[in-house]
Amino acid sequence: MPVVVRNSTNSRGISECGRIGVAIFCCVIAFSTHAAGQEAAEQAPATPAPAPAAESDEAARQAAATKENVPANCVQQVLAEQQLTRTLREMREPLPYPDKNEAARLRRDYTKLLSDGFTNAADTTKVQQYLEWQLLRVTESDFIENPGNVQQLLKDIESDVQRAGANIGNPANQLTARKKFCGEVLTIGRKLLSNNFDARVACISILKALHEVRAVPGGAPAKLYPEALATLLDILNSKEQPDSVKVFVASALRNVLRNCDVIETEQFRICDAVAAELARSCTQSAYQQTLLETLFDVRRARKTVGGAEPTVMKSFAAVLDDRSRPVEVRCLAAMGIGRGAFDNQMRLDPLAWKIAQLAGDAAVEFNRSPGDSKWPACGASLIFAFRHVTNEEATAALLDRKGLLNRSGGTAPSKIISEAAPLVKVVGLKLIENGDSIAPDDVRPLAEWIQSNRPESLKWDDKAPDLTP
């Protein structure tokens with residue numbers, strides 16, 4: 001069992017779909033079902049620690065699987081990650097908090113101060129004490145053994161954040177009150193980040209819900225409390241947190257990008273933090289894929305400060321170009337090339353050629369392990385690197401279009417893109433079908449095309465490294 005778990009693609013019903021329908025099905029699952037499932041995973045607590053004997057057996061299974069599936073130079077690092085995760089799941093260091101009777105006495109004042117705002121020390125203390133009762137219970141083993149307890153805790157905190165400052169009519173004063181409340185939640189929530197696994201995951205779910213400005217139904221999106229975003233980024237790049245915790249941070253950041261108004265400089269900070277994690281060696285495929293998925297929701301294609309380099313496309317290109325990475329990770333990066341934020345300064349031909357090369361690599365690897373569950377999503381990713389899912393994606397404003405075939409503005413796609421797309425599609429559909437090995441005759445045209453059509457230059461952007469041959 002891997003230390004980092006990513007929801008797998010749901011393939012039920014694939015055999016009944018047409019070939020293009022299958023590809024669309026897989027793509028939609030990759031974008032929607034996984035996101036929904038990851039959101040549910042954020043809300044749900046981790047499974048309670050198993051009994052010692054079962055835990056020992058599970059550790060042995062993890063170690064055996066790791067040695068079989070992880071490069072030799074990474075085995076010890078991954079095993080250490082697995083051990084740290086087990087240690088955090090077993091951790092029992094409850095933090096002190098008011099008892100239930102004291103919390104009940106505080107509840108009435110807390111509810112009023114939440115809606116009316118609070119500034120003086122006495123009122124602030126009441127709010128802090130009630131928040132301690134709400135949040136610090138997640139460090140108790142008896143509390144986290146019931147999944148419903150953690151789910152209710154998160155629901156209550158999100159509801160309180162929504163109601164903060166509700167009785168204050170002046171918008172500026174309401175914002176001040178909401179910031180004050182978010183700050184108090186954050187201060188207490190940070191205590192969870194050095195406690196057990198469930199406590200850390202609960203804190204991450206709370207952080208993404210700290211909206212200093214509420215969303216307007218049908219109107220403006222919410223705005224996240226800036227210190228909450230800063231804390232999420234600190235966790236993501238912390239050497240003290242295991243990847244099994246960080247994967248929840250990556251998913252939370254995607255939730256923030258999707259549901260909040262994130263200013264461009266904060267989008268740049270998210271890109272930098274994700275890029276730093278993607279650059280680490282010996283991280284597992286599931287974690288790398290979740291990091292890449294976060295980048296799909298960044299809306300700014302190029303930094304406006306510090307050198308004007310590409311944002312998400314730089315990471316997608318680097319992962320695509322790295323032939324030592326798991327093929328399913330590279331396939332997802334390829335789809336990012338076709339669906340991530342881009343601009344007209346980028347040269348797409350080298351990237352399209354590199355995706356064709358990846359399709360060739362995937363065909364070779366597929367023939368070594370046909371039937372593996374990773375292949376349908378990988379095939380869909382290759383296809384939708386070039387193609388749109390909906391008609392709206394093909395006809396949107398240029399910079400909002402999806403698929404390399406649609407990203408040439410008012411002109412026809414380049415020769416490289418238009419020729420690569422159908423060749424990649426042949427491999428992609430074979431991966432989606434996930435049946436027998438791909439016949440040499442099916443992949444030979446792609447191999448010959450890759451050999452004879454490499455662009456003279458593999459520089460795809462003046463502010464990014466060249467691709468490798």
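Just above, that's the structure.
Residues numbered from 1 in each chain as written. Predicted model: local features only at pLDDT ≥ 70, side-chain atom pairs only at ≥ 80, totals over all residues. Heavy atoms only, no water.

### A word on the packing of aromatic side chains
Here's step 1: Evaluated as defined, the whole model comprises six aromatic pairs.
Here's step 2: Here the aromatic rings of Tyr-110 and Phe-181 are separated by 6.4 Å at their centres, their planes lie at 55°, and the arrangement is tilted. Of the two residues, Tyr-110 is situated in helix 4 (residues 100–116) and Phe-181 in helix 8 (residues 171–189); the sequence distance between them amounts to 71 residues.
Here's step 3: Note on Tyr-110: relative accessible area 1%, which makes it buried.
Here's step 4: Ring pairing ties together the aromatic residues Tyr-110, Tyr-130, Trp-133 and Phe-181, which thus form one cluster.
Here's step 5: A cation over a ring is seen here: Arg-89 above Phe-197, with NZ or CZ 4.3 Å from the ring centre.
Here's step 6: Sitting over the face of the ring of Trp-133, Arg-137 holds its NZ or CZ atom 3.8 Å from the ring centroid. (Phe/Tyr/Trp six-rings, centres within 6.5 Å; stacked < 30°, edge-to-face > 60°. Helix = DSSP H or I, 4+ residues; strand = E, 2+ residues; numbered from the N terminus. Buried < 20%, exposed > 50% of the residue type's maximum accessible area, 1.4 Å probe, protein only. Lys NZ or Arg CZ within 6 Å of the ring centre and 35° of its normal.)

### Points about the packing of helix 13 (residues 285–295) against helix 15 (residues 327–339)
Here's step 1: Axis separation between helix 13 and helix 15 bottoms out at 9 Å; the angle between their running directions is 5°. The angle between helix 13 and helix 15 falls in the class roughly parallel. Counting all contacts with helix 13, which are made through Ser-285, Gln-288, Gln-289, Leu-292 and Glu-293, the residues of helix 15 involved are Glu-328, Val-329, Leu-332 and Ala-333.
Here's step 2: Looking at the contact of helix 13 with helix 15, its residues break down into four nonpolar, three polar and two charged. (Axes fitted to C-alpha atoms, helices over the stretch in contact; angles between N-to-C directions. Parallel < 35°, antiparallel > 145°, perpendicular 65-115°, else oblique. Contact = heavy atoms within 4.5 Å. Nonpolar A, V, L, I, M, F, W, Y, C, P; charged D, E, K, R; others polar.)

### Quick notes on the nonpolar core
Here's step 1: If you look at the biggest cluster of nonpolar residues, it comprises 125 residues, and the most contacted ones within it are Phe-181, Leu-210, Leu-382 and Phe-386.
Here's step 2: Looking at this core, the element that brings in the most residues is helix 16 (residues 348–366), giving eleven residues.
Here's step 3: Residues Val-70, Cys-74, Val-75 and Leu-79 belong to the second largest nonpolar core, which totals seven residues. (Core = buried A, V, L, I, M, F, W, Y, C linked by side-chain atoms within 4.5 Å.)

### So, the environment of Ser-452
Here's step 1: Within the secondary structure, Ser-452 is located in helix 20 (residues 440–452).
Here's step 2: Polar contacts involving the side chain of Ser-452 include one to the main-chain carbonyl oxygen of Glu-448, which spans 3.0 Å.
Here's step 3: Here Asn-453 takes part through its side chain, which lies 3.0 Å from a polar atom of the side chain of Ser-452. (Polar contact = N/O pair within 3.5 Å; in protein donor to acceptor, adjacent residues only side chain to side chain.)

### A look at the packing of helix 10 (residues 226–236) against helix 12 (residues 264–278)
Here's step 1: One way to put it is that helix 10 packs onto helix 12 with a least axis distance of 10 Å and a crossing angle of 15°. Taken as axis vectors, helix 10 and helix 12 run roughly parallel relative to one another. When you trace helix 10 past helix 12, the crossing you get is left-handed. Mapping the contact onto sequence places Pro-226, Leu-229, Ala-230, Leu-233 and Leu-236 in helix 10 and Glu-266, Arg-269, Ile-270, Ala-273, Val-274 and Glu-277 in helix 12. (Left-handed = near helix turned anticlockwise from the far one by under 90°.)

### Let's talk about the state of the cysteines
Here, disulfide denotes a covalent bond that connects the sulfur atoms of two cysteines.
Here's step 1: Inspection of every chain in the model, using the stated rule, returns two disulfides.
Here's step 2: Cys-331 shares a disulfide with Cys-378; S-S distance 2.1 Å. Taken together, the positions of Cys-331 in helix 15 and Cys-378 in helix 17 (residues 375–383) put the pair 47 residues apart, joining distant regions of the chain.
Here's step 3: A relative accessible area of 0% means that Cys-331 is categorised as buried.
Here's step 4: Look at the protein chain and number its bonded cysteines as they come in the sequence; the links are 1-2, 3-4. (Disulfide = S-S within 2.5 Å.)

### Quick notes on the environment of Leu-257
Here's step 1: For Leu-257, the location among the structural elements is in helix 11 (residues 243–259).
Here's step 2: The class for Leu-257 is buried, based on a relative accessible area of 0%.
Here's step 3: As a C-alpha pair, Leu-257 and Phe-296 span 39 residues in sequence and 9.4 Å in three-dimensional space.
Here's step 4: With near-sequence residues (within four places) excluded, Leu-257 lies in contact with Val-262, Gln-267, Ile-270, Thr-294, Asp-297, Val-298 and Arg-299.

### Here's the deal with helix 12
Here's step 1: Helix length check: helix 12, at 15 residues, gives a terminal C-alpha distance of 21 Å against a target of 21 Å (1.5 Å per residue), a fit within 8%.
Here's step 2: Along helix 12, the residues classified as buried are Glu-266, Gln-267, Phe-268, Ile-270, Cys-271, Ala-273, Val-274, Glu-277 and Leu-278.
Here's step 3: Close packing links the buried residues of helix 12 with helix 10, helix 11, helix 13 and helix 14 (312–321). (Expected span 1.5 Å × (residues − 1).)

### Regarding the side chain of Gln-241
Here's step 1: Along the chain, Gln-241 turns up in the loop between helix 10 and helix 11.
Here's step 2: Among the polar contacts made by the side chain of Gln-241, one reaches the main-chain carbonyl oxygen of Leu-193 at a distance of 2.9 Å.
Here's step 3: Engagement of the side chain of Gln-241 in a polar contact is seen with the side chain of Arg-200, the distance being 2.8 Å.
Here's step 4: Discounting chain neighbours no more than four positions away, the residues touching Gln-241 are Leu-193, Arg-200, Ile-235 and Lys-246.

### Some details on unusual backbone geometry
Here's step 1: Even without a glycine there, the phi angle at Ala-308 is positive, about 55°.
Here's step 2: Along the polypeptide, Ala-308 turns up in the loop between helix 13 and helix 14.
Here's step 3: In this structure, Asn-434 takes a positive phi of about 55° despite not being glycine.
Here's step 4: Locating Asn-434 in the fold gives a position in the loop between helix 19 (415–433) and helix 20.

Geometry only, nothing functional implied.
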